Amino acid sequence: MVKTPLLRRLLAVAAVITLSTLSCLSLPAQAQQSKETTKEAKEGREATKEVKEPKEPAAPQQMSFVGVDPNGKKVALSDYAGKTLLVSFFTAGCNLCAHDLKLMREFYVGNAKRNFVLLAINIDQNKQDFDTYLQLINLAVPKEQRFPIIWRNAAGHKDNFGTIVNQPTHFVINPKGQLVLKREGTFLPGDWDNLWESLGS
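How each quantity is defined
- Residues numbered from 1 in each chain as written.
- Predicted model: local features only at pLDDT ≥ 70, side-chain atom pairs only at ≥ 80, totals over all residues.
- Heavy atoms only, no water.
- Helix = DSSP H or I, 4+ residues; strand = E, 2+ residues; numbered from the N terminus.
- Core = buried A, V, L, I, M, F, W, Y, C linked by side-chain atoms within 4.5 Å.
- Buried < 20%, exposed > 50% of the residue type's maximum accessible area, 1.4 Å probe, protein only.
- Contact = heavy atoms within 4.5 Å.
- Pairing = 2+ DSSP bridges.
- Axes fitted to C-alpha atoms, helices over the stretch in contact; angles between N-to-C directions.
- Parallel < 35°, antiparallel > 145°, perpendicular 65-115°, else oblique.
- Left-handed = near helix turned anticlockwise from the far one by under 90°.
- Nonpolar A, V, L, I, M, F, W, Y, C, P; charged D, E, K, R; others polar.
- Polar contact = N/O pair within 3.5 Å; in protein donor to acceptor, adjacent residues only side chain to side chain.
- Phe/Tyr/Trp six-rings, centres within 6.5 Å; stacked < 30°, edge-to-face > 60°.

A. Focus on unusual backbone geometry. Following Q167, the chain continues to P168 via a peptide bond in cis, the omega torsion being -10°. Considering the arrangement of structural elements, one finds P168 in the loop between β6 (158-159) and β7 (169-173). One non-glycine residue, N115, lies in the positive phi region at around 55°.

As structure tokens, then:
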């Protein structure tokens, strides 16, 4: 078959059109492959990000306070070095506080010889409320069952327990002066068990 110049040109155009069509048809597959490659690379980067060195556990918070007892005697956390300390923040008119402090007094009496100290910190704004509470304690509680009680708003009082939102709020401090538990609200049964076990034999 003799190909005229016109026929040759038509065949060439048809070939170009065919090639263009095939290229267009293959673009979605290429684009999909490109997307998958990009996705795999991204997932690889994310996986790389997720593989992190394990962080060291945060060191327990070192607690501190300095205050004065009702007789004006200085009271500091360092006075109780080597002992487990339960610090309870309360107000005089709080029924839940009174309930917890009653249980804590019983625990204190039973475990005072096991290097355990109970300290109550009153957070009433009015000192008269604190003084009235102390008078009731002195009348109702035998001397051997009393534990230190201080007023947080007294001049010279400093501590790092932060803002007390709920009443009562309890802190357990280990013999090294480190915070091991903060409980907002009533002390839970498990808290009592853990506290008792922490005192050892």
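Structure's up, so let's keep going.
B. View of the nonpolar core. L86, F116, I149 and L195 are the most contacted members of the largest nonpolar core, which has 25 residues in total. Contributing elements (two or more residues each) for this core: β3 (84-90), α2 (95-111), β4 (116-122), α3 (127-140), β5 (149-151) and α4 (189-198). It is α2 that provides the largest number of residues to this core, a total of five residues. With near-sequence residues (within four places) excluded, F116 lies in contact with T84, L86, F107, Y108, N111, L195 and L199. Among the nonpolar cores identified, the runner-up in size contains 18 residues, and V75, Y80, I121 and I164 belong to it.

C. The sheet that holds strand β1 (residues 65-68), seen in detail. On the basis of which strands lie adjacent, the open sheet formed by three strands has the order β2-β1-β6 and antiparallel pairing. Either end of the sheet is taken by a strand with one partner, and the two such strands are β2 (74-76) and β6. Bridge count for β1 against β2 is three bridges, and the pairing is antiparallel. In the strand pairing of β2, V68 is matched with K74.

D. Summary view of the packing of α2 against α4. Packing of α2 against α4 leaves a shortest axis separation of 12 Å and a crossing angle of 20°. With respect to α4, the element α2 is oriented roughly parallel. Like other packed secondary-structure pairs, α2 and α4 cross with a definite hand, here right-handed. In contact with L103, M104, F107 and N111 of α2, α4 contributes W192, L195 and W196. Within the contact of α2 with α4, the residues separate by chemical class into six nonpolar, one polar and no charged.

E. View of the pairing of β3. The buried fraction of β3 is high, at seven of seven residues. Residues of β3 alternate between two faces, with T84, L86, S88 and F90 on one and L85, V87 and F89 on the opposite face, all of them buried. Across seven bridges, the pairing between β3 and β4 is parallel. In the sheet register, T84 faces β4, and the bridge partner there is F116. Relative to β7, β3 runs antiparallel, the two being bridged by five bridges. Of the residues in β7, the one forming a bridge with L86 is V172.

F. Geometry of the side chain of N122. Note on placement: N122 falls in strand β4. Its relative accessible area of 0% is what places N122 among the buried residues. In this structure the side chain of N122 is engaged in a polar contact, spanning 2.9 Å, whose partner is the side chain of D124. Excluding anything up to four places from it in sequence, N122 contacts F90, T91, A92, F130, I150, W151 and R152.

G. Spotlight on the packing of aromatic side chains. By the definition in use, this model includes ten aromatic pairs. A ring pair is formed by F107 and W192, whose centres lie 5.3 Å apart and whose planes are at 45°; its orientation type is tilted. With F107 in helix α2 and W192 in helix α4, the pair connects residues that are 85 residues apart, well separated along the chain. Residue F107 is classed as buried on the basis of its relative accessible area, which comes to 11%. Ring pairs connect the aromatic residues F65, F89, F161 and F171, which therefore count as one cluster.

H. Region of interest: the sheet that holds β7. Pairing within the open sheet is mixed, and its five strands lie in the order β5-β4-β3-β7-β8. Each of the sheet's edge strands pairs with one partner strand only, and the pair in question is β5 and β8 (179-184). Along the sheet, successive strands turn relative to each other by an average axial angle of 20°, direction set aside. Judged from the five bridges that link them, β7 and β8 form a sheet pairing that is antiparallel. The partner of F171 across the bridge, within β8, is K182. Helix-sheet contacts for α2 involve β3, β4 and β7, and the interaxial angle to β4 is about 155°. The strands that α4 touches are β3, β4, β7 and β8; relative to β3, the one it contacts most, it runs at about 150°.

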